[in-house]
2 protein chains.
Amino acid sequence: MHETFLRRAIQLAVENVEQGRGGPFGAVVVIDNEIVAEGSNLVTAHADPTAHAEIVAIRNACARLRRHDLRGAVLYSSCEPCPMCLAAIYWARLDAFYYAADRHAAAGAGFDDTFLYQQIPLDDASRALPSRRLLPAEGAAPFRAWLDSESKIPY
Amino acid sequence: MHETFLRRAIQLAVENVEQGRGGPFGAVVVIDNEIVAEGSNLVTAHADPTAHAEIVAIRNACARLRRHDLRGAVLYSSCEPCPMCLAAIYWARLDAFYYAADRHAAAGAGFDDTFLYQQIPLDDASRALPSRRLLPAEGAAPFRAWLDSESKIPY
């Protein structure tokens, strides 16, 4: 069954390119051997840099199921998820994921996947993207409010 | 000016908790010393595990500007971005980002940020989340279609 779902993700990726909709990536979310949501790369089509196939599929699955937690679901992606999508898969609490092409194939087609896997583990000062921590004491206020809140919904 | 924008992100985070909307995180996107978009954590409110403050702010900025590329913009976040949001900041081509609380403060309040920074760099076999590569040869088809496409919009 894994191969069947993965082939559907690959088909979505090819169709996305052929129809001029966006990048060569597709993904499906499966529960109990049934596809509950699909996604393809819509970065340029929707002017949304976060609209990778996996994120689109996860958002579609959550919208359909009306929950932010996809425990019990599996994701199939035409390509190895980039760090954004990999972390999204964790946050969505998916059970597992399967993919076909790897990050190096994506890099070979002009995408930043390998570069991002190198950048994420670095310290602020070592990354290509400038960043800096400021106001560390004031930054504690939201977490104090959260820990004190009696109406919060942990996730 | 950095402190002013960062304080606005922290204020959004506190208000988000106080109003019972979601997690203790806020972010703003700034261009030419003007806030063009704001975001707060809407994971539970929107049933969307990808709706972190930074992603919401980036998506709002892109929707307002009608482009997927935020070159020339800076992001301010109440907390250090998780790997999903950090990679999204790269994909959006933001110039820089500033933050107040760090990943350890987030972890202390019950969020997975530190854990995810540990997981992302690992091999498939070493991660807590099961994953596997299948159909590597078939996975090349979308990239072939992309490289052959004359109508593609690279990003």
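Every value quoted in this text rests on a predicted model; they were computed, and no experiment measured them.

1. With respect to the state of the cysteines
Residue and element names in this part refer to chain A.
Here's step 1: Scanning all chains against the criterion turns up zero disulfides over all chains.
Here's step 2: Among the cysteines around cysteine 79, which has no disulfide bond, cysteine 82 carries the closest sulfur, lying 9.2 Å off.
Here's step 3: Judged by its relative accessible area of 1%, cysteine 79 is buried.
Here's step 4: Here cysteine 85 stays free of any disulfide, with the sulfur of cysteine 82 as its closest cysteine sulfur at 4.0 Å.

2. Some points on the sheet that holds strand E5 (residues 131-133) of chain A
Here's step 1: Taken together, five strands build an open sheet; the order of strands is E5(A)-E4(B)-E3(B)-E1(B)-E2(B) and the sheet is mixed. The open sheet terminates on both sides in strands that have one partner only, identified here as E5 of chain A together with strand E2 (34-40) of chain B. Here the average twist between neighbouring strands, direction ignored, is 15 degrees.

3. Looking at the side chain of serine 40 of chain B
All names here are of chain B.
Here's step 1: Here serine 40 lies in strand E2.
Here's step 2: Looking at serine 40, its side chain comes within polar contact range of the side chain of asparagine 16, at 3.0 Å.
Here's step 3: For serine 40, the contacting residues outside a window of four places in its chain are Leu12, Asn16, Arg21, Phe25, Gly26, Ala51, Ala53 and Val56.

4. Examining the packing of helix H6 (residues 141-148) of chain A against helix H1 (residues 2-18) of chain B
Here's step 1: Relative orientation of the contacting elements H6 of chain A and H1 of chain B amounts to 5 degrees, with a least axis distance of 8 Å. One element, H6 of chain A, and the other, H1 of chain B, form an angle in the roughly parallel class. The residues of H1 of chain B that touch H6 of chain A, namely those facing Ala141, Pro142, Ala145 and Trp146 of chain A, are Ile10, Ala13, Val14 and Val17 of chain B.
Here's step 2: Grouping the constituent residues of the contact of H6 of chain A with H1 of chain B by class yields eight nonpolar, no polar and no charged.

What counts, and at which threshold
Residues numbered from 1 in each chain as written. Chains lettered and ligands numbered in written order. Predicted model: local features only at pLDDT ≥ 70, side-chain atom pairs only at ≥ 80, totals over all residues. Heavy atoms only, no water. Disulfide = S-S within 2.5 Å. Buried < 20%, exposed > 50% of the residue type's maximum accessible area, 1.4 Å probe, protein only. Pairing = 2+ DSSP bridges. Helix = DSSP H or I, 4+ residues; strand = E, 2+ residues; numbered from the N terminus. Axes fitted to C-alpha atoms, helices over the stretch in contact; angles between N-to-C directions. Polar contact = N/O pair within 3.5 Å; in protein donor to acceptor, adjacent residues only side chain to side chain. Contact = heavy atoms within 4.5 Å. Parallel < 35°, antiparallel > 145°, perpendicular 65-115°, else oblique. Nonpolar A, V, L, I, M, F, W, Y, C, P; charged D, E, K, R; others polar.

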